[in-house]
Amino acid sequence: MKKKLLSVILAVSMIATLMMGCGDTTEETTSTGEVAEEVTEEVAEEVTEEPAAEGEVQVGIVLPTKDEPRWLQDQAQFETILGDAGFSTQVLFSQGSSATEKTNVEALVAKGIKVLIICAQDGSAAAAAVESAKAAGVTVIAYDRLITGTDAVDYYVTFDSFAVGAAQGQYLVDNAPAGATGVPLYLYAGAATDNNAFIFFEGAWSVLQPKIADGTFVIANSSEATGLSATAALTRDEMGKIIGQITTDWDFNVAKSKAEAHLTAVGADMKGDVLVLAPNDGTARSIADVFGSDPDVASFVVTGQDSEIASVQYVIDGKQSMTVFKDTRTLAADSVAMAVSVLNGESVATDTTYNNGVIDVPAKQTAIVVVTKDNVQSALIDSEYYSADEFTGLN
Ligand code: BGC
């Protein structure tokens with residue numbers, strides 16, 4: 001039964017992908033998808049709960065911002081899967097504000113949601129919002145970003161974020177100038193309010209630190225990281241100090257101005273052939289543009305993640321070295337499967353736990369795929385995540 005349901009949801013998600021690009025970006029959206037009727041009916045049959053009354057919303061979704069393509073990818077998946085699964089659903093965006101996020105949660109609770117799927121703007125500030133939802137009897141699913149410091153999180157659906165960071169670090173190690181020592185390494189991180197930023201950095205550090213400790217790489221832009229270069233496993237506090245220096249706040253403009261300031265501050269010995277740990281695609285493109293326009297940077301290897309269309313094009317064009325494919329179809333489908341179980345009063349399938357400082361949150365984790373110029377076709381086009389005509393120069 002469960003297997004059948006999951007496969008149906010995955011089938012719906014595949015169709016959802018074909019529709020990507022059709023979804024609007026309005027602040028509030030009630031789902032209407034055009035998924036094949038047959039599949040829709042099958043999923044609807046799985047929801048044994050009574051249909052929602054007029055105006056009632058069963059599943060509320062809160063996403064951090066519509067200003068980053070990453071979250072529009074997730075929105076597109078949700079709208080189609082949930083709407084066509086027979087749920088009444090609503091997606092709201094917090095637009096970078098924890099206060100808006102809390103108002104959004106309260107508005108959804110007032111509409112009678114049974115399940116809240118929330119990607120926190122700020123993992124610790126979101127605790128208050130989910131505590132109020134929980135007090136109203138809502139089941140809370142943290143989506144992609146863990147909500148910390150509270151017991152009001154029932155489940156967590158996530159990608160393997162440590163693996164994301166480790167893959168970024170490994171790419172830099174594998175593509176560093178052969179045989180060179182003292183290779184300049186520029187480190188950048190996500191927002192310190194996002195638990196993922198720590199996990200990504202931890203994964204990257206696990207791979208980069210031995211190369212820093214033995215002198216193969218030299219950190220160009222963080223005195224805190226340089227001071228900790230002999231430490232293999234960093235504490236959260238130590239990571240916090242490093243991230244405090246190299247954070248981009250997940251903001252392209254912050255990434256750009258930091259990269260410019262760093263390149264202005266260093267001498268010629270920190271230019272030439274360099275390596276750049278960029279935490280995600282949006283920041284990678286900004287940083288790549290800055291490094292690409294410095295005449296004293298002979299070459300640079302730069303990481304990313306999310307496989308945003310613009311970055312996949314950068315990868316094809318050789319302007320960004322790699323990205324990480326996080327298949328949002330799977331994450332959305334896993335959340336929907338959880339919501340279905342909750343609405344049907346069934347047990348929820350999880351495969352690991354994440355400690356959020358207060359409890360071990362039962363979690364469902366999804367693997368990631370490294371994407372370079374060599375596998376754009378097989379990873380992103382053949383899997384029907386994107387269509388080839390969204391890119392130029394793909395062969
Ligand atoms: C997500 C990334 C995203 C970043 C910025 C992280 O929590 O996991 O996919 O690029 O936030 O929005």
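This structure is a prediction, so every number in the text was calculated from the model and none was measured.

J.: Is there a simple way to explain the site of the ligand in this structure?
T.: Lining the immediate environment of the ligand, one finds 13 residues, of which Glu 68, Asp 144, Arg 145, Asp 194 and Asp 306 sit closest. At a separation of 2.8 Å, an oxygen atom of the ligand approaches a polar side-chain atom of Arg 70. At a separation of 2.9 Å, an oxygen atom of the ligand approaches a polar side-chain atom of Lys 326. The protein chains hide 100% of the 300 Å² of surface that the ligand would expose on its own. A molecule is said to occupy a pocket when more than half its atoms come within 2 Å of that pocket's grid points, and by this definition the ligand occupies the largest cavity.

J.: What am I meant to see in helix 7 (residues 195-213) here?
T.: Along an α-helix, residues three or four apart share an orientation, since each turn contains 3.6 residues. Its 19 residues place the ends of helix 7 26 Å apart at the C-alpha level, agreeing with the 27 Å of an ideal helix rising 1.5 Å per residue. Roughly 40 degrees is the biggest bend found in helix 7, and it falls at Val 207, with proline Pro 210 one to four residues downstream. Among the 19 residues of helix 7, 14 are classified as buried, and the element is accordingly described as predominantly covered. The opening residue of helix 7 is Asp 194, an N-cap whose side-chain oxygen sits 2.9 Å from the backbone nitrogen of Asn 196. Phi turns positive one or two residues past the end of helix 7, at Gly 215, with a value near 85 degrees.

J.: Explain the pattern of salt bridges to me, please; I cannot follow it from the model alone.
T.: Pairs may arise between side chains of opposite charge once their charged atoms sit close together. Counting across every chain of the model gives 12 salt bridges. Taking the shortest distance from any N to any O, the salt bridge between Arg 329 and Asp 327 comes out at 2.9 Å. According to the relative accessible area criterion, Asp 327 is buried, its value standing at 16%. Between Lys 364 and Asp 351 there is a salt bridge, with its nearest N and O atoms 3.9 Å apart. Here Asp 351 lies in the loop between helix 13 (328-343) and strand 12 (352-355) and Lys 364 lies in strand 13 (residues 360-366), a separation of 13 residues in the sequence. Judged by relative accessible area, Lys 364 falls into the partly exposed class, the value being 24%. Via salt bridges that share partners, Arg 70, Asp 74 and Asp 144 belong to a single interconnected network.

J.: Sorry if this is basic, but what is going on with the nonpolar core here?
T.: Nonpolar side chains tend toward joint burial in soluble globular proteins. Judged by nonpolar contacts, the single largest core of 64 residues is most densely connected at Leu 187, Phe 201 and Leu 208. Among the elements that take part in this core, helix 7 stands out by supplying nine residues, more than any other. If you count residues domain by domain, this core takes at least three from each of domain 1 (3-153 + 327-366) and domain 2 (161-325). Those residues in contact with Phe 201 that lie beyond four places of it in its chain are Leu 187, Leu 234, Met 239, Ile 242, Ile 243, Ile 246 and Leu 277. With 25 residues, the next largest nonpolar core counts Val 62, Leu 108, Ala 126 and Val 138 among its residues.

J.: Before we go on, may I ask you to explain helix 12 (residues 309-317) in this structure?
T.: Turning to helix 12, its buried residues are Ser 311, Val 312, Gln 313, Tyr 314, Val 315 and Ile 316. Buried positions along helix 12 lie against helix 11 (281-292), strand 11 (323-325) and helix 14 (376-381). Looking one or two places after helix 12, you find Gly 318, whose phi comes out positive at around 80 degrees.

J.: Sorry if this is basic, but what is going on with the packing of helix 4 (residues 98-110) against helix 5 (residues 126-135) here?
T.: When two helices pack together, their arrangement is captured by the angle between the axes and the distance separating the axes. Where helix 4 contacts helix 5, the two axes come as close as 9 Å, and the packing angle between them is 10 degrees. By the angle class used here, helix 4 and helix 5 are roughly parallel. For the pair helix 4 and helix 5, the contacting residues are Glu 101, Lys 102, Val 105, Glu 106 and Val 109 in the first and Ala 126, Ala 128, Ala 129, Ser 132 and Ala 133 in the second. Across the contact of helix 4 with helix 5, the residue classes tally to six nonpolar, one polar and three charged.

J.: Please explain the packing of helix 6 (residues 161-174) against helix 7 as it appears in this structure.
T.: Between helix 6 and helix 7, whose axes approach to 7 Å, the crossing angle comes to 35 degrees. The handedness of the crossing between helix 6 and helix 7 comes out as right-handed. Residue-level contacts link Ser 161, Phe 162, Val 164, Gly 165, Ala 166, Gly 169, Gln 170, Leu 172 and Val 173 of helix 6 to Asn 196, Ile 199, Phe 200, Glu 202, Gly 203, Ala 204, Ser 206, Val 207, Leu 208 and Lys 211 of helix 7. Here the contact of helix 6 with helix 7 is composed, by residue class, of 10 nonpolar, seven polar and two charged.

The rules we used
Residues numbered from 1 in each chain as written. Predicted model: local features only at pLDDT ≥ 70, side-chain atom pairs only at ≥ 80, totals over all residues. Heavy atoms only, no water. Near = heavy atom within 4 Å. Polar contact = N/O pair within 3.5 Å; in protein donor to acceptor, adjacent residues only side chain to side chain. Areas by Shrake-Rupley, 256 points an atom, 1.4 Å probe, with all protein chains shown as cover. 1 Å grid on protein atoms, 1.4 Å probe; cavity = no way out; pocket = protein on both sides within 12 Å on 5 of 7 lines; lining within 4 Å. Sits in = over half its atoms within 2 Å of the grid points. Helix = DSSP H or I, 4+ residues; strand = E, 2+ residues; numbered from the N terminus. Expected span 1.5 Å × (residues − 1). Bend = angle between axes of the 7 residues up to and from the residue. Buried < 20%, exposed > 50% of the residue type's maximum accessible area, 1.4 Å probe, protein only. Salt bridge = Lys/Arg side-chain N within 4 Å of Asp/Glu carboxyl O. Core = buried A, V, L, I, M, F, W, Y, C linked by side-chain atoms within 4.5 Å. Domains from an automatic or database assignment. Contact = heavy atoms within 4.5 Å. Axes fitted to C-alpha atoms, helices over the stretch in contact; angles between N-to-C directions. Parallel < 35°, antiparallel > 145°, perpendicular 65-115°, else oblique. Nonpolar A, V, L, I, M, F, W, Y, C, P; charged D, E, K, R; others polar. Left-handed = near helix turned anticlockwise from the far one by under 90°.

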